[in-house]
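Architecture at a glance
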Amino acid sequence: MNDTIGILKECEAFLEGHFLLSSGRHSSAYCQMAFLQQYPDKCALVMEKVAEQLKDMDIDLIVGPAMGGIVYAYELGRQLGKRAIFTERVDNVMTLKRFAIKPGEKCIIAEDVVTTGISSLETKRVIEEAGGECLGIVCVVDRTKAEAPSPIPILASAAKLDLPNYLPEECPICKEGKLPLVHLGSRKMKEQAKQTL
């Protein structure tokens, strides 16, 4: 697992500072996973750890939510010999725009980072509306906490990080007032989260 963090640091994908996560929570660390995607060989190496944990599972399809999950779904599909597709936002609603899921297909969601698992619920909804079965999530970095587990089971990850994250009103970094809050994600934030900026 430590090898994965080393690779992320090599790629400058592991950042420290004051960050707004897609969940609306604040953190002193952020995984900018797009930086890992610049290096296909390193990305493949990281995803080998995930593929190894899934090799005996009965999976039909890997679904990566755009943007963060697309490359990881593709790479996992390549390593496991499975079909890989992606969901995307249309008017800020996650949809299955370009692909089809066959009724009864066993699907896993491939994410870059999971902190609360809330974002993956949108993709789970899309899978189930199409008639597929969502088995769970796989990710590069699992940031979930025992006291706040993901609502969808996490089946595999390349690394587990126990990094603190805070509700905006409880954030000690905000209280110090030394570091500006930075939002690096691609997802449009809900109005409440925007107000914390």
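Conventions used here
Residues numbered from 1 in each chain as written. Predicted model: local features only at pLDDT ≥ 70, side-chain atom pairs only at ≥ 80, totals over all residues. Heavy atoms only, no water. Helix = DSSP H or I, 4+ residues; strand = E, 2+ residues; numbered from the N terminus. Buried < 20%, exposed > 50% of the residue type's maximum accessible area, 1.4 Å probe, protein only. Pairing = 2+ DSSP bridges. Phe/Tyr/Trp six-rings, centres within 6.5 Å; stacked < 30°, edge-to-face > 60°. pLDDT = per-residue confidence, 0-100. Contact = heavy atoms within 4.5 Å.

**Quick look at the environment of Ala146**
- Topologically, Ala146 is positioned in the loop between strand 7 (133-142) and strand 8 (154-160).
- Taking the C-alpha atoms as reference points, Ala146 and Thr87, 59 residues apart in sequence, are found 28 Å from one another.

**Things to note about the pairing of strand 3 (residues 61-65)**
- Most of strand 3 sits inside the fold, with 5 of its 5 residues counted as buried.
- Of the pairings in the sheet, the one linking strand 3 to strand 4 (residues 83-90) comprises 5 bridges and is parallel in character. Along strand 4, the bridge assignment pairs Leu61 with Arg83.
- Relative to strand 6 (residues 106-114), strand 3 runs parallel, the two sharing 3 bridges.

**A word on the packing of aromatic side chains**
- Inspection of the entire model under this criterion finds 2 aromatic pairs.
- With centroids separated by 5.4 Å and ring planes inclined at 35°, the aromatic side chains of Phe19 and Tyr30 adopt a geometry described as tilted. Of this pair, Phe19 sits in strand 1 (residues 14-20) while Tyr30 sits in strand 2 (residues 26-31), and the two are 11 residues apart along the sequence. An identical accessibility class is assigned to Phe19 and Tyr30; each is buried.
- When the centroid spacing of 5.1 Å and the interplanar angle of 75° are considered together, the rings of Phe86 and Phe99 count as edge-to-face. Placement of Phe86 in strand 4 and of Phe99 in the loop between strand 5 (93-95) and strand 6 is noted, with a sequence separation of 13 residues between them.
- On the basis of relative accessible area, Phe86 is assigned to the buried category, the value being 19%.

**Quick look at the confidence of the model for the protein chain**
- Averaged over all residues, the pLDDT of the protein chain equals 89, while 92% of them reach at least 70.
- By mean pLDDT, helix 6 (residues 191-195) is the weakest element of the protein chain at 37, and strand 3 is the strongest at 97.
- pLDDT under 50 marks residues 189-197. Its contacts with residues more than four places away, or in other chains, come to 15 contacts.

**So, the pairing of strand 1**
- For strand 1, the buried fraction is high: 5 of the 7 residues fall into the buried class.
- Here strand 1 pairs with strand 2 via 5 bridges, running antiparallel. Note on strand 2: the bridge partner recorded for Leu15 is Tyr30.
- The antiparallel pairing of strand 1 with strand 2 creates a hairpin that spans 5 residues between the two strands, and Gly24 there sits at a positive phi of about 95°.

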